Amino acid sequence: MKKWFRKNQNEGYYQPIIQEDPEEIKLQREAELAEEERRRKKLETLLSPTQQAVEAIETTSSSEASKATGFQKKDPFAGAKFCSKDIFSRLVHAAEDKEHRVNCMTLLLFASGLAGYACQATLWEKQKEQEESLFLKVQEENKKTYLYDEALNSYLLEGKGSLWYLTSRVFQKRHPELSCPNIAEIDNHVMDNIGKENYSIFDISNPEQYIHHYHLMWNHEKEFIEKGCHSCNEWPMVYFMVLQYALQFSDEAMNPVDALKFSMENAIFAARPDQSELNDIH
C-alpha cells in the first residue's frame, strides 16, 4: 500500500492519500481465497458423514427405521435409525397425560431442542481431535455465553447435511400444497432475541429453562446412541429423524407450517447456549 500526500490549500497542511498497490491487492485476495478453501475443506471433513446419512434417510421409509442394528451391513445407518425410533417412542410416552393424550407442543419442544443440542454436542466431541477451536463464543446481555460458528451453522441450516435440509425436504414431500417458512427470517429472529429476558418461542416463554433438561436427556441417552452409531458423525441424525417423526405425529393436531416454524426456531436456539457451562458435561 502506497501513501501519497496532497496539500490542503484551505488549512495549509498536507493530508495523506492512500493509493492501493494492485499487486498487494492481488496477494491479499489470493490469501483470502486460500483461507476460504481451507475452511471449506475443514467443514467438508466434519460434515460429509452427516450428509451421507441424510441421503440415506431420504431413501428409507419410516418402517425401515425400526430395523435392529444387526442390519448395518446392508444399511450403514440402520443403527442410527433404530435409535431414533426408540427415542421417539420414549418422548411420546413422556408427553402423555393420565388419559394417554399426547401434548404435541411438548413433544415438538423436546424433539427439536434435542436436535439442536445434538449439533453442538457432536462438535464438542470433534473438538477433542482439533487443535483449532470450532467455536466462536459470545456473551449476551444476560451474561450467558452462546456459540456461533460455521460448523454449527452447517449442522443446523446449510448444505445437505443440515437439519433444515432434511426437515424442509420431508415437509415438502408430506405437504406439497404448502410453502416452507423462510428459514433466514427464523434464524435472524433467534439471533436478534437470544439472551433477552422476555424472549419466547410461540407460547413457550423463557426457552433457556429447557436447556438443562436437554442436557440431562442427552446424557441419559448418550450411551445408547454410542452403541447404535458407528461414530459421533451420526449423532445429529438420530435426533434429526426423531424430529421428523414428531412433526409427522403432530400433523393432525397442529398447523404443519406453525409446527415447522416452532421446531426450527427452538432447534436453532437450543444449539447456541454454551454446553461447557453446564455441570459435569466435559
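Attention here is on the structure that accompanies the text. (Residues numbered from 1 in each chain as written. Predicted model: local features only at pLDDT ≥ 70, side-chain atom pairs only at ≥ 80, totals over all residues. Heavy atoms only, no water.)

The next subject is the nonpolar core. Tyr214 and Tyr239 are the most contacted members of the largest nonpolar core, which totals 70 residues. Broken down by element, this core gets its largest block of residues, 14 residues, from helix H3 (residues 104-127). In this view, Tyr239 contacts Ile87, Ala111, Leu114, Ala115, Ala118, Trp218, Glu221 and Ile225; residues no more than four positions away in its chain are not counted. (Core = buried A, V, L, I, M, F, W, Y, C linked by side-chain atoms within 4.5 Å. Buried < 20%, exposed > 50% of the residue type's maximum accessible area, 1.4 Å probe, protein only. Helix = DSSP H or I, 4+ residues; strand = E, 2+ residues; numbered from the N terminus. Contact = heavy atoms within 4.5 Å.)

According to the stated counting rule, one finds 10 aromatic pairs in the structure shown. Measuring from centroid to centroid gives 6.1 Å for Phe88 and Phe249, while their planes differ by 70°, and the two rings are edge-to-face. Here the residue Phe88 occupies a position in helix H2 (residues 78-94), and Phe249 occupies one in helix H8 (residues 235-249), the gap between them amounting to 161 residues. Seen from their ring centres, Tyr117 and Trp218 are 6.1 Å apart, and the 50° between their planes marks the pair as tilted. Note that Tyr117 is positioned in helix H3 and Trp218 in helix H7 (residues 211-228), a separation of 101 residues in sequence. On the basis of relative accessibility, which here comes to 4%, the residue Trp218 falls in the buried class. Taken together, the ring pairs in this structure connect Tyr117, Trp218, Trp235 and Tyr239 into an aromatic cluster. One cation-aromatic arrangement involves Lys85 over Tyr245; the distance from NZ or CZ to the ring centre is 4.7 Å. Above the ring of Phe224, the side-chain terminus of Arg90 is found at 5.0 Å from the ring centroid. (Phe/Tyr/Trp six-rings, centres within 6.5 Å; stacked < 30°, edge-to-face > 60°. Lys NZ or Arg CZ within 6 Å of the ring centre and 35° of its normal.)

Counted under the stated rule, the structure contains five salt bridges. In this structure, Arg90 and Asp86 form a salt bridge, with 2.6 Å as the shortest nitrogen-oxygen distance. One end of the pair is Arg90 and the other is Asp86, both in helix H2 and four residues apart, which spans about a single turn. Among the salt bridges present, the one from Asp251 reaches Arg174, with a minimum N-O distance of 3.1 Å. Placement of Asp251 in the loop between H8 and helix H9 (256-270) and of Arg174 in helix H5 (residues 163-174) is noted, with a sequence separation of 77 residues between them. Among the residues examined, Arg174 registers a relative accessible area of 25% and is labelled partly exposed. One connected set of salt bridges, linked through shared partners, spans Asp86, Arg90 and Glu221. (Salt bridge = Lys/Arg side-chain N within 4 Å of Asp/Glu carboxyl O.)

Moving on to the packing of H7 against H8. Here H7 crosses H8 at 110°, and the two axes come no closer than 11 Å. In terms of orientation, H7 and H8 fall into the roughly perpendicular class. The handedness of the crossing between H7 and H8 comes out as right-handed. Taken together, the residues of H8 that come into contact with H7 (itself represented by Trp218, Glu221, Lys222, Ile225 and Glu226) are Trp235, Val238 and Tyr239. Classifying every residue of the contact of H7 with H8 by side-chain character gives five nonpolar, no polar and three charged. (Axes fitted to C-alpha atoms, helices over the stretch in contact; angles between N-to-C directions. Parallel < 35°, antiparallel > 145°, perpendicular 65-115°, else oblique. Left-handed = near helix turned anticlockwise from the far one by under 90°. Nonpolar A, V, L, I, M, F, W, Y, C, P; charged D, E, K, R; others polar.)

Of the positions making up helix H6 (residues 183-193), those classed as buried are Ile183, Ile186, Asp187, Val190 and Asn193. Seen from one end, H6 has its buried residues packed into an arc of 145°, which puts them on one side. Residues of H6 that are exposed and point over 90 degrees away from its buried face: Glu185 and Asp192. The opening residue of H6, the one whose side-chain oxygen lies 3.0 Å from the backbone nitrogen of Ala184, is Asn182. (Arc of directions from axis to C-beta. Polar contact = N/O pair within 3.5 Å; in protein donor to acceptor, adjacent residues only side chain to side chain.)

A word on the side chain of Asn266. For Asn266, the position within the fold is in helix H9. For Asn266, a relative accessible area of 1% gives the class buried. Reaching out from Asn266, the side chain makes a polar contact with the side chain of Ser112 at a distance of 3.0 Å. Setting aside residues up to four positions removed in sequence, Asn266 forms contacts with Leu109, Ser112, Gly113, Ile201, Pro207 and Tyr214.

Bringing the environment of Phe262 into the picture now. Summarising the element assignment, Phe262 is placed in helix H9. Setting aside residues up to four positions removed in sequence, Phe262 forms contacts with Met105, Leu108, Leu109, Ile201, Phe202 and Ile204.

What follows deals with the environment of Met237. Positionally, Met237 belongs in helix H8. Each C-alpha atom of the pair Met237 and Cys83 lies 9.9 Å from the other, and the pair is 154 residues apart in sequence.

Note that every value here comes from positions in space, so none of it alone points to a role or purpose.
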